[in-house]
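Summary of structural features
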Amino acid sequence: MTATDKVEAITKYNTMPEDTMSIHGSYHAVCYSQDGFIKWEDDIQNLVTTVGKNFTLDTAFGNTAGGAVVMGLKGTGTAIAADTQASHASWLEVGGTNAPAYSGSRPTPSFNAASAGSKATSSAVSFSMTSTGNVFGCFINIGGSSTKDSTSGTLFSAGDFSSSKSVINGDTIAVTYTATLT
């Protein structure tokens, strides 16, 4: 009789963090008799319809009353779920105070109507670089200012490239974005 041990390990490098968005809800119903006694009660989980997902996405990204939707570029550091536009200590925005710079304000993306629970930009958002440096990712802000380095509004999403990307004066970064509710 021979005893053997086997150990295996898998390591993935340069993987992108994944984040999913879901909408979950539940109903709680109680039926009372004429006398005020509980006849029955029940709990059910809901199904969010595709049209409901589309409405949510269209409202979030197309509601001008909620404020402008703008896109920015992020510098070194990893975005985390607890980040806000006012407090994202692990990373800095590039373009204003932090190099590399790009011309103009944070651009406003244009979106197609939501379809099949997804909403995507209708064209790429363009960043015209005016200095040299490294860009590490992108972010979306809803209801804030288009002014670079502004801390107002809601940081909706932020993501990191697979590695830092170097740019020089005259480069253009074209970014598209898709949000999906699952």
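Preceding block: the structure.
Let me sum up the structure you'll find in this document.

Parameters at a glance
- Residues numbered from 1 in each chain as written.
- Predicted model: local features only at pLDDT ≥ 70, side-chain atom pairs only at ≥ 80, totals over all residues.
- Heavy atoms only, no water.
- Helix = DSSP H or I, 4+ residues; strand = E, 2+ residues; numbered from the N terminus.
- Expected span 1.5 Å × (residues − 1).
- Buried < 20%, exposed > 50% of the residue type's maximum accessible area, 1.4 Å probe, protein only.
- Arc of directions from axis to C-beta.
- Contact = heavy atoms within 4.5 Å.
- Polar contact = N/O pair within 3.5 Å; in protein donor to acceptor, adjacent residues only side chain to side chain.
- Pairing = 2+ DSSP bridges.
- Phe/Tyr/Trp six-rings, centres within 6.5 Å; stacked < 30°, edge-to-face > 60°.
- Lys NZ or Arg CZ within 6 Å of the ring centre and 35° of its normal.

Attention now moves to helix α1 (residues 50-62). Taking 1.5 Å of rise per residue, 13 residues should cover 18 Å, and α1 covers 17 Å from first to last C-alpha, within 8% of that figure. Every buried residue of α1 is accounted for by K53, N54, L57 and F61. Down the axis of α1, the sector holding all buried residues measures 100 degrees, keeping them to one side. Residues of α1 that are exposed and angled more than 90 degrees away from the buried face: V51 and F55. Considering only its buried residues, α1 is in contact with β3 (69-74), β5 (118-120), β7 (133-142), β8 (154-167) and β10 (178-180).

Relative to the helices and strands, K119 resides in strand β5. For K119, a relative accessible area of 5% puts it in the buried group. At a separation of 2.6 Å, a polar atom in the side chain of K119 contacts the side chain of D58. Contacts of K119, omitting those with residues within four sequence positions, involve L57, D58, F61, F111, N112, A113, A114, Y177, T178 and A179.

Burial of strand β9 (residues 172-175) is one-sided: the residues I173 and V175 facing one way are buried, the residues T172 and A174 facing the other way are not. Where strand β6 (residues 125-128) meets β9, four bridges bridge the pair, whose relative direction is antiparallel. Bridge pairing in β9 places V125 opposite V175.

Our next topic: the packing of aromatic side chains. A full pass over the atoms with the stated rule returns five aromatic pairs. Taken together, a centroid distance of 5.0 Å and an interplanar angle of 80 degrees make the contact between F61 and F156 edge-to-face. Taken together, the positions of F61 in helix α1 and F156 in strand β8 put the pair 95 residues apart, joining distant regions of the chain. A residue is classified by how much of its surface remains accessible, and F156, at 28% relative accessible area, is partly exposed. Seen from their ring centres, W91 and F139 are 5.6 Å apart, and the 45 degrees between their planes marks the pair as tilted. Residue W91 is located in the loop between β3 and β4 (93-94), and its partner F139 is located in strand β7; the two are separated by 48 residues in the primary sequence. A single burial state applies to W91 and to F139, both of which are buried. Chaining the aromatic ring pairs together yields one cluster made of F61, F111, F156 and Y177. Geometry around Y102 places K148 over its ring, the cationic atom sitting 4.1 Å from the centre.

Another aspect to go through is the environment of G133. Structurally, G133 can be placed in strand β7. Accessibility expressed as a relative area gives 19% for G133, which makes it buried. Setting aside chain neighbours within four positions, we find G133 in contact with P100, K165, S166 and V167.

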